[in-house]
Amino acid sequence: MDKLIITGGVRLDGEIRISGAKNSALPILAATLLADGPVTVCNLPHLHDITTMIELFGRMGIEPVIDEKLSVEVDPRTIKTLIAPYELVKTMRASILVLGPMVAHFGYAEVALPGGCAIGSRPVDLHIRGLEALGATIEVEGGYIKAKAPEGGLRGGTFFFDIVSVTGTENIMMAAALAKGRTVLENAAREPEVVDLANCLIAMGAKIQGAGTDTIVIEGVERLGGTRYNVMPDRIETGTYLVAAAITGGRVKVKDVDPTTLEAVLSKLQESGAEVTTGRDWIELNMHGKRPRAVNLRTAPYPAFPTDMQAQFIAMNTVAEGTGTVIETVFENRFMHVYEMTRMGAQIQVEGNTAIVTGVQRLKGAPVMATDLRASASLVLAALVADGDTLIDRIYHIDRGYECIEEKLQLLGAKIRRVPG
Ligand code: UD1
């Protein structure tokens with residue numbers, strides 16, 4: 001298993017390009033299964049999770065064509081089996097996203113119950129109940145979700161999400177695109193990735209209104225066609241590099257980003273004392289050598305502060321001036337990084353879903369272990385400001401969500417290297 005060794009203490013300075021959004025690319029790849037012709041998805045990030053989705057397509061008999069720029073062309077007409085097997089699904093929870101498109105287009109789907117990041121129990125009941133609202137019959141048997149469309153295909157319906165779910169909204173929106181009649185999704189997720197997926201579906205011929213609000217209305221169409229679609233920039237990768245600049249007192253300009261998707265994060269960075277300048281597709285953060293001030297925050301569905309940035313802000317608070325309170329409301333058990341940071345000298349108290357972080361002058365390098373995707377990014381951030389070397393084990397979690405993290409950080413001046421293990 002590869003490890004990262006980071007020598008802390010360098011003030012980051014430079015410019016980098018941000019990749020396409022993983023959380024948008026995955027549902028958009030799944031949406032290609034709805035088409036009657038080839039769909040080309042561009043600006044895909046080079047990540048393990050994307051490779052897993054492509055491998056999953058391969059298992060189903062679809063051979064995506066990948067060009068050198070990592071644009072992927074999928075022609076779902078070659079599908080041979082409607083089963084998403086456990087060996088692949090267990091490594092990536094987002095595999096559940098193929099369930100809605102398969103049952104809508106082909107009338108049947110078998111998808112293993114997912115594993116994925118170990119952050120709370122993360123059930124899939126809303127995905128199942130949402131598809132049932134469109135007329136699907138679903139059985140959970142032997143660790144698999146077996147979904148069958150009624151004679152004549154799925155039909156529109158109304159579904160209220162009692163918890164806001166991003167992939168839940170995406171799954172049902174995709175299925176509804178090919179269902180007969182009108183579907184209304186209430187208390188839908190408003191994340192920019194839901195909007196990006198809706199825009200891709202619309203480019204394929206779907207009739208969708210209200211994506212980005214909590215009520216999405218879908219008029220089902222007979223068929224969806226091929227298209228070429230560019231995935232939006234990754235707002236979590238963007239936010240992570242901005243925190244890297246802030247935590248080291250440095251200056252970083254991120255390019256090919258969409259600043260309008262990061263309002264809650266940028267406002268917290270400003271509160272920490274950073275100077276933030278934005279353009280149409282770039283953001284520059286300059287800390288002017290200062291130590292950040294601690295910030296209080298509470299995670300919640302978009303447009304509030306994203307849970308996927310919680311760990312990175314805890315890292316910043318560990319070396320900030322003052323005490324910051326971080327409340328996690330989206331997932332239970334999403335504080336594993338806290339215990340690893342404590343090994344580096346951080347002062348953090350966890351009480352239920354609240355972490356109280358008292359900034360220390362310096363962290364100290366230590367061997368630590370990555371436990372999930374965003375937790376591992378936060379350990380990299382902590383290591384950038386720790387005295388001496390930090391060895392981060394189990395970095396396969398990072399490779400699931402951050403394209404070329406060590407190359408990008410090296411470009412900004414960080415001392416980071418990967419050691420094969
Ligand atoms: C997506 C993102 C993930 C992000 C999360 C919250 C992708 C591929 N992943 O995950 O990076 O951290 O949104 O912004 O887009 N829940 C249920 N029943 C369900 C589904 C969800 O109770 O059927 C609960 C979950 O346990 C959680 C909450 O709903 O407490 C939100 O989860 P959800 O939005 O579904 O997360 P994901 O879509 O899996």
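See the structure printed just above.
About the criteria used
Residues numbered from 1 in each chain as written. Predicted model: local features only at pLDDT ≥ 70, side-chain atom pairs only at ≥ 80, totals over all residues. Heavy atoms only, no water. Helix = DSSP H or I, 4+ residues; strand = E, 2+ residues; numbered from the N terminus. Rg over C-alpha atoms; globule rule 2.2 N^0.38 Å. Buried < 20%, exposed > 50% of the residue type's maximum accessible area, 1.4 Å probe, protein only. Contact = heavy atoms within 4.5 Å. Lys, Arg positive; Asp, Glu negative; His and termini not counted. Charge placed at Lys NZ, Arg CZ, Asp CG, Glu CD. Axes fitted to C-alpha atoms, helices over the stretch in contact; angles between N-to-C directions. Parallel < 35°, antiparallel > 145°, perpendicular 65-115°, else oblique. Left-handed = near helix turned anticlockwise from the far one by under 90°. Near = heavy atom within 4 Å. Polar contact = N/O pair within 3.5 Å; in protein donor to acceptor, adjacent residues only side chain to side chain. Areas by Shrake-Rupley, 256 points an atom, 1.4 Å probe, with all protein chains shown as cover. Nonpolar A, V, L, I, M, F, W, Y, C, P; charged D, E, K, R; others polar. Salt bridge = Lys/Arg side-chain N within 4 Å of Asp/Glu carboxyl O. Core = buried A, V, L, I, M, F, W, Y, C linked by side-chain atoms within 4.5 Å. Phe/Tyr/Trp six-rings, centres within 6.5 Å; stacked < 30°, edge-to-face > 60°. Lys NZ or Arg CZ within 6 Å of the ring centre and 35° of its normal. Pairing = 2+ DSSP bridges.

Student: Pulling in residues and values, what's your account of the overall build of the protein?
Tutor: On a plain count of helices and strands, the protein comes out with 14 helices and 26 strands. Taking 22 Å as the expected radius of gyration for a compact globule of 421 residues, we find that the protein reaches 21 Å, a close match to that expectation. Referenced to the eigenvectors of the C-alpha coordinate spread, the extents of the protein come out at roughly 65 × 45 × 40 Å. Burial analysis of the protein (421 residues in total) assigns 58% to the buried set. Expressed as a percentage of contacts within the protein between residues at least 6 apart in sequence, the contacts between residues at least 24 apart total 74%. Side-chain charges in the protein split into 42 positive and 50 negative, and the spacing between the mean points of these groups amounts to 3 Å.

Student: Before we move on, can you summarise the packing of helix 6 (residues 166–177) against helix 7 (residues 192–203) with the specific residues and values?
Tutor: Across the interface, helix 6 lies against helix 7 with an axial gap of 10 Å and an inter-helix angle of 15°. Viewed along their axes, helix 6 and helix 7 adopt a mutual orientation that is roughly parallel. Handedness of the helix 6/helix 7 crossing: right-handed. Between helix 6 and helix 7, the contacting residues are Val 166, Thr 169, Glu 170, Met 173 and Met 174 on the first element and Glu 193, Val 194, Leu 197, Ala 198 and Leu 201 on the second.

Student: Now, about the site of the ligand: what can you tell me, with residues and values included?
Tutor: The environment of the ligand is formed by 19 residues, the closest being Leu 126, Ser 165, Thr 167, Asp 308 and Val 330. For the ligand, an oxygen atom lies 3.3 Å from a polar atom in the backbone of Pro 123. Ser 165 has a polar side-chain atom sitting 2.6 Å from an oxygen atom of the ligand. In the complex, the protein chains occlude 88% of the 750 Å² of accessible area that the ligand would expose alone. Element by element, the count of residues in the shell around the ligand is highest for helix 5 (residues 125–133), at three residues. Per-class residue counts for the shell around the ligand are nine nonpolar, five polar and five charged.

Student: Run through the pattern of salt bridges, naming residues and quoting values.
Tutor: In the structure shown here, the tally under the stated rule is 24 salt bridges. As a salt-bridge pair, Asp 36 and Arg 223 come within 3.1 Å of each other at their nearest N and O atoms. Here Arg 223 lies in the loop between strand 13 (215–219) and strand 14 (228–230) and Asp 36 lies in the loop between helix 1 (22–31) and strand 3 (39–42), a separation of 187 residues in the sequence. Among the charged side chains, a salt-bridge network with shared partners connects Asp 2, Asp 399, Glu 406 and Arg 418.

Student: For the nonpolar core, give the residues involved together with the corresponding values.
Tutor: Ranked by size, the top nonpolar core spans 80 residues in total, and within it Leu 44, Met 53, Val 98, Leu 154, Met 173, Leu 185 and Leu 201 carry the most contacts. Counting 67 residues, the second-largest nonpolar core is a separate cluster that includes Val 243, Ala 274, Phe 313 and Val 319.

Student: Please provide a residue-by-residue account of the packing of aromatic side chains, values included.
Tutor: Given two aromatic rings, one states the distance between the centres and the angle between the planes to describe the pair. Counting across every chain of the model gives two aromatic pairs. Each ring, one from Phe 159 and one from Phe 161, has its centre 4.9 Å from the other, and the planes form 85°; the classification is edge-to-face. The two residues Phe 159 and Phe 161 agree in class, both being buried. Here the aromatic rings of Phe 305 and Phe 313 are separated by 5.0 Å at their centres, their planes lie at 85°, and the arrangement is edge-to-face. The class of Phe 305 is buried, set by a relative accessible area of 5%. On the basis of relative accessible area, Phe 313 is assigned to the buried category, the value being 0%. Above the face of the Trp 282 ring, Lys 253 is positioned so that its terminal group lies 4.5 Å from the ring centre.

Student: Go over the sheet that holds strand 25 (residues 389–393) with me, naming the residues and quoting the values.
Tutor: Hydrogen bonds along the backbone pair up the strands of a sheet, which may run parallel or antiparallel. Reading across from one edge, 23-25-1-26 is the order of the four strands in this open sheet, with mixed pairing throughout. Two strands bound the open sheet, and with one partner strand each, they are strand 23 (367–369) and strand 26 (415–419). On average, adjacent strands in this sheet sit at an angle of 20° to one another, irrespective of strand direction. Inspection of the sheet shows strand 1 (residues 3–7) paired to strand 25 by four bridges, in the antiparallel sense.

Student: Let's hear about the packing of helix 1 against helix 7: which residues, and what values?
Tutor: At a minimum axis distance of 9 Å, the contact between helix 1 and helix 7 shows a crossing angle of 30°. Considering their axes alone, helix 1 and helix 7 lie roughly parallel with respect to each other. Crossing geometry of helix 1 relative to helix 7 is assigned as right-handed. Here helix 1 contributes Asn 23, Ser 24, Pro 27, Ile 28 and Ala 31 to the contact with helix 7, which in turn contributes Glu 193, Asp 196, Leu 197, Cys 200 and Leu 201. Its residues placed into classes, the contact of helix 1 with helix 7 shows six nonpolar, two polar and two charged.

Student: Run through the side chain of Glu 110, naming residues and quoting values.
Tutor: You can see Glu 110 is positioned in strand 7 (residues 108–112). One buried charged residue, Glu 110, remains without a salt bridge, the closest side chain of opposite sign being Lys 146 at 4.7 Å. Setting aside its immediate chain neighbours within four residues, Glu 110 contacts Leu 82, Ile 83, Ala 84, Tyr 144, Ile 145 and Lys 146.

Nothing here speaks to function; it is geometry throughout.
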